[in-house]
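# Commentary on secondary and tertiary structure
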Amino acid sequence: MIIGIGTDMIEIERVIKACEKESFLIRYFTVEERELIQSDRNKAADNFAVKEAVAKVFGTGFGKIEPIEIECLRDSLGKPYIKLYGKAKELGECMGISKIHVSITNTKKYASAFAVGEALVN
């Protein structure tokens, strides 16, 4: 059962520029995400869009959770997956969300993400 959906689009260069400040990287991205970003700067915009989309799945935006509590990594095939921490994890559990599906797409200028929060149906 779908619990929530979210989408976001962001200018890639805007995020890349913000990432020039180490304080921004530390505040918004986990250690593993920062490693991913080091190999491909555009992943910063991808992941930022994912974080916004996931926050919208919860229906709260970043009012009750922090961006760093949403981690977006890639599997061996490059498919993005989500790990939640802290208040985001608690909120997801409270809402009955068992999995968050994510899709990312880009143009030269924009990164866009779509997220779906799913609950298991008994």
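Just so we're clear, the structure is a prediction, and the values are computed from it rather than from any experiment.

Right, let's get into the sheet that holds strand 4 (residues 99-106). Here 3 strands make up an open sheet; going across it, the order is 1-5-4 and the pairing antiparallel. Among the strands making up the open sheet, the edge pair consists of strand 1 (2-11) and strand 4. Across this sheet, the average inter-strand angle for adjacent strands is 15 degrees, counted without regard to direction. Strand direction decides the pairing type here: strand 4 and strand 5 (residues 110-118), joined by 8 bridges, are antiparallel. When the sheet's bridge partners are listed, K99 is paired in strand 5 with E118. Across the sheet, helix 4 (residues 42-57) touches strand 1, strand 4 and strand 5, and the angle it forms with strand 1 is around 145 degrees.

To continue, consider the pattern of salt bridges. Oppositely charged side chains can pair when the atoms bearing their charge come close. Considering all chains together, one arrives at 3 salt bridges under this definition. The partner of D8 in a salt bridge is K56, and the shortest N-O contact between them spans 3.3 Å. Of this pair, D8 sits in strand 1 while K56 sits in helix 4, and the two are 48 residues apart along the sequence. Note on D8: relative accessible area 12%, which makes it buried.

With that out of the way, let us pick up the UniProt feature "binding site: Mg(2+)" (unreviewed entry) in the protein chain. Following the UniProt record, the feature "binding site: Mg(2+)" (unreviewed entry) maps to D8 and E52 here. For the residues just named, distributed over 45 residues, the greatest C-alpha separation is only 6.0 Å, placing them together at one site. Residues within four places of D8 in sequence aside, it is in contact with A49, E52, A53, K56, A111, S112 and A113. Within the secondary structure, E52 sits in helix 4. Residue contacts for E52: discarding those within four places in its chain leaves D8 and F62.

What follows deals with helix 4. A rise of 1.5 Å per residue sets the reference length of helix 4, with its 16 residues, at 22 Å; its end C-alpha atoms lie 23 Å apart and thus fit the reference within 8%. Looking only at helix 4, the buried set comprises A44, A45, D46, N47, F48, A49, V50, K51, A53, V54, A55 and V57. Positive phi appears at G59, one or two residues downstream of helix 4, with a value of about 80 degrees.

Applying the stated criterion across every chain, the model contains 4 aromatic pairs. Between the aromatic rings of F24 and Y28, the centroid separation amounts to 4.5 Å while the plane-to-plane angle is 35 degrees, which identifies the pairing as tilted. Here Y28 and F24 lie together in helix 2 (residues 22-28), a separation of 4 residues that amounts to about one turn. In this structure, F24 and Y28 share a single accessibility class: buried. Ring centres of Y28 and F48 lie 5.5 Å apart, and the angle between their planes is 55 degrees; on these two criteria the pair is classed as tilted. In this pair, Y28 sits in helix 2 while F48 sits in helix 4, placing the two residues 20 residues apart along the sequence.

Reading the values: rules and limits
- Residues numbered from 1 in each chain as written.
- Predicted model: local features only at pLDDT ≥ 70, side-chain atom pairs only at ≥ 80, totals over all residues.
- Heavy atoms only, no water.
- Pairing = 2+ DSSP bridges.
- Helix = DSSP H or I, 4+ residues; strand = E, 2+ residues; numbered from the N terminus.
- Axes fitted to C-alpha atoms, helices over the stretch in contact; angles between N-to-C directions.
- Contact = heavy atoms within 4.5 Å.
- Salt bridge = Lys/Arg side-chain N within 4 Å of Asp/Glu carboxyl O.
- Buried < 20%, exposed > 50% of the residue type's maximum accessible area, 1.4 Å probe, protein only.
- UniProt positions renumbered as here; feature names shortened; annotations may be inferred.
- Expected span 1.5 Å × (residues − 1).
- Phe/Tyr/Trp six-rings, centres within 6.5 Å; stacked < 30°, edge-to-face > 60°.

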